[in-house]
Amino acid sequence: MILMGLAPKLILLLSLFTTIQLTSSQPRQRSNDSTPPPPPTPPSPPPISPDAVLCNGIFVSYTYSTGTQIKPNDTKSQPYRFESVITVLNNGRDELKSWLVFVGFAHKEILVSASNAILEDGSSLPVSVENGTTFAGYPAADLKSAIMTAGDIKQMEARVELVGTQFGVAPPGIPLPNNITLVNDGWSCPKATKRDGNILEVCCMPDPKNETDPIGEKLKPRQKGDLTIMYDIIRPYATSYWAQVTIENHNPLGRLDNWDLSFEWTKDEFISQTKGAYPSVVDASACIDGPQGKHYDAVDFSTVLSCARKPHIIDLPLTKYNDSNLGLKPYCCRNGTILSPSMDPTKSKSVFQMEVYKMPPNLNISAIAPPLSWKIKGNFNPDYKCGPPARVSLSEFPDPSGLPSNRTAFASWQVACNITQPVTPSCCVSFSSYLNDSIIPCNTCACSDCSSKRVDKTCSTTSPALLLPPQALLIPFENRTKFAASWANLKHRKVPTLLPCGDYCGVSINWHLATDYRRGWSARITIFNWGGTNFADWSAAVELKNAAPDFEKAYSFNATTVAVDGKNTTVLMEGLPGLNYLVAEVDAKNPSKDYRVPGKQQSVISFTKKLNPGIKVGAGEGFPTKVFFNGQECSLPSILPSNGHKGRVSTFLLMVLPVFALLSLWV
């Protein structure tokens, strides 16, 4: 009876259990409206070129994939999106270290994104590459050979997918670059050839004149540059490390004033402390709002210095050198001044240290990646273009204990930077001579792109500058108009209705040919500071191709000849001790009546004719072919003083300019 009473309950329980099992084992059905679309099929890689199979060196190709028209609609300069792939394949015997490929873009391309590579000059995307650019592999910079990997194509090949904008080539047209080539040292590449209409390819072979590195060598040789930056790991830990950054100037004329160093973190690193330098902006808010704050929840971020992805680091003032928290580091705390080794080798570098925190998954002692996109600039200095960091041999430092031994860094990277003169300089040159009583002034718009200013209605951006009387050199440009017009009328020269624009330069330099006699000759150089910045430890240099070897003496400056690019044709000048400060422009003692007074430095320079007795000083060889101020090349006049119209200009300049130079010391 009991079993009979339980039977219905058992049947019900088994039925329920069976229903649950069936329900849980059945797939869930969704309505068609909620079904997600299938993921897009990734584009298949282009097939290996038959030419790549035949190449026994480094095969490089550029494959145009697709392109579409984008907004805005413009019949004169229509933009189009393009997608392309760069392939670098190592079919050689040895490993290719830190591959570099130049692409000669030819259609005003703007590069928006690039995978597995960075631009060698450190430029951030998007960037114009219309004149061509060089790609460097990152994060995998080296390509192993088939011998080293048993033919593993993943370790032998780099694929860089490009997306960008080009102008003027509408689909189905194909905007191929003019050229593509490997630019690593030790390789020789013929001219690239086209294939199938959308591919540009080249096979590069080892240069027989250059010895290749042995197999297994992973470190690049240290590069030469106008300026180098070393990134040395001196104390590594699992979650952080201390890096020492050394900025060293190697150019005989180059320099930096108030240097500003920037770079880009790639793995969410942040700077906790620094010694010998400091971030230009102290801000940890990006860490608090980002993954750093979640991972390091016990860190006091009020003491963290910078969480910026692209921090800017600046030097400390002299007063912080003995600061136990920030200073006490050799070669630090000089207000950002790095002189040329020709001026003072002990002041040709800056050093600072920083503590860097890492983020997962790089939390082990050996997981260290240097920052990328290094850039450095100064105030009134030349521009520098920096390459990517290259892993080099370990740096050595004196043992801090004082023992006669060296300690090595745990890892070292080098960044090589070279000077590129700006499109518009910040200084200009005027010429004058004892043979002519007119001054040839700085060029119109010498230091400014006048087309970007609203000056076309008030002055002419294309008319040559008017010749000046000698006294006008000492007067600000905005006050020279009546002097220039009166001088032109006196000399019976036509004065244009719309007068030429000014030079807009903060510094101008007058080179005056003073004397020329049988055994030698002399010139006078006067430096004018029309800006609001004082220049401490200023320097100037002149290139005199035929006269520099006969340089004798500068009477009010320290001066010497220096070799530039292996040629001893340049005279480098700096102020004497106590007189090496070029002050800014200031008001005159009576501003309501008198013109503003520029800062001035001046010296006579003498030359002999021992090595070049036939030098034609007045015909042009006595005038510099290049002039530099603080390392930056200045704009030169397009003409030289003629031998006609000789007057009293020599006497005036010999007497008046020295008086003004002396008066400037009292202003």
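Up top is the structure.
Quantities reported herein were computed from a predicted structural model and do not represent experimental measurements. (Residues numbered from 1 in each chain as written. Predicted model: local features only at pLDDT ≥ 70, side-chain atom pairs only at ≥ 80, totals over all residues. Heavy atoms only, no water.)

A.B. asks: Now, about the state of the cysteines: what can you tell me, with residues and values included?
C.D. replies: In the structure shown here, the tally under the stated rule is nine disulfides. Paired through a disulfide, Cys427 and Cys634 show a sulfur-sulfur distance of 2.0 Å. Around the S-S axis, the bridge from Cys427 to Cys634 shows a dihedral of about -95 degrees and counts as left-handed. Taken together, the residues span a long stretch of sequence, with Cys427 in strand β26 (residues 427–433) and Cys634 in the loop between β38 (632–633) and α9 (649–664) at a distance of 207 residues. Under the relative-accessibility criterion, Cys634 is labelled buried at 5%. (Disulfide = S-S within 2.5 Å. Helix = DSSP H or I, 4+ residues; strand = E, 2+ residues; numbered from the N terminus. Buried < 20%, exposed > 50% of the residue type's maximum accessible area, 1.4 Å probe, protein only.)

A.B. asks: Can you break down the packing of aromatic side chains residue by residue, with the values?
C.D. replies: A complete count under the given rule lists 20 aromatic pairs for this structure. For the ring pair Trp538 and Phe557, a centre distance of 5.0 Å and an interplane angle of 75 degrees mean the geometry is edge-to-face. In this pair, Trp538 is assigned in the loop between β30 (535–536) and β31 (539–543) and Phe557 in strand β33 (residues 557–564), connecting sequence segments 19 residues apart. You'll find Trp538 and Phe557 in the same group, each marked buried. Centre to centre, the rings of Phe551 and Phe607 are 5.9 Å apart; their planes meet at 70 degrees, and the pair counts as edge-to-face. Of this pair, Phe551 sits in strand β32 (residues 551–554) while Phe607 is found in strand β36 (residues 599–608), placing the two residues 56 residues apart along the sequence. Judged by its relative accessible area of 1%, Phe607 is buried. Here the aromatic residues Tyr231, Tyr241, Phe263, Trp265, Trp374 and Trp413 are joined through ring pairs into a cluster of three or more. Here Lys349 stacks its cationic end above the ring of Tyr331, 4.4 Å away from the centre of that ring. Note that Arg391 overlies the ring of Trp413, its terminal NZ or CZ placed 4.9 Å from the centroid. (Phe/Tyr/Trp six-rings, centres within 6.5 Å; stacked < 30°, edge-to-face > 60°. Lys NZ or Arg CZ within 6 Å of the ring centre and 35° of its normal.)

A.B. asks: Which residues make up the sheet that holds strand β3 (residues 100–103), and what values go with them?
C.D. replies: The strand order across the open sheet built from four strands is β5-β7-β3-β9, with neighbouring strands paired in antiparallel fashion. Taken across any chain shown, the strands that pair with only one partner, and hence form the sheet edges, are β5 (117–119) and β9 (180–182). Sheet twist, expressed as the mean angle between neighbouring strand axes with direction ignored, is 30 degrees. Inspection of the sheet shows β3 paired to strand β7 (residues 133–137) by four bridges, in the antiparallel sense. Counterpart to Phe102 in the pairing with β7 is Thr134. (Pairing = 2+ DSSP bridges. Axes fitted to C-alpha atoms, helices over the stretch in contact; angles between N-to-C directions.)

A.B. asks: If you had to explain the side chain of Glu543 to someone new, which residues and values would you point to?
C.D. replies: Examined against the element boundaries, Glu543 turns out to sit in strand β31. Here Glu543 occupies a buried position and makes no salt bridge, while the nearest side chain of opposite charge, Lys626, is found at 4.7 Å. One polar contact links Glu543 to Thr625, side chain to side chain, over a distance of 2.5 Å. Setting aside anything within four residues of it in sequence, one finds Glu543 in contact with Thr569, Thr570, Pro624, Thr625 and Lys626. (Lys, Arg positive; Asp, Glu negative; His and termini not counted. Salt bridge = Lys/Arg side-chain N within 4 Å of Asp/Glu carboxyl O. Polar contact = N/O pair within 3.5 Å; in protein donor to acceptor, adjacent residues only side chain to side chain. Contact = heavy atoms within 4.5 Å.)

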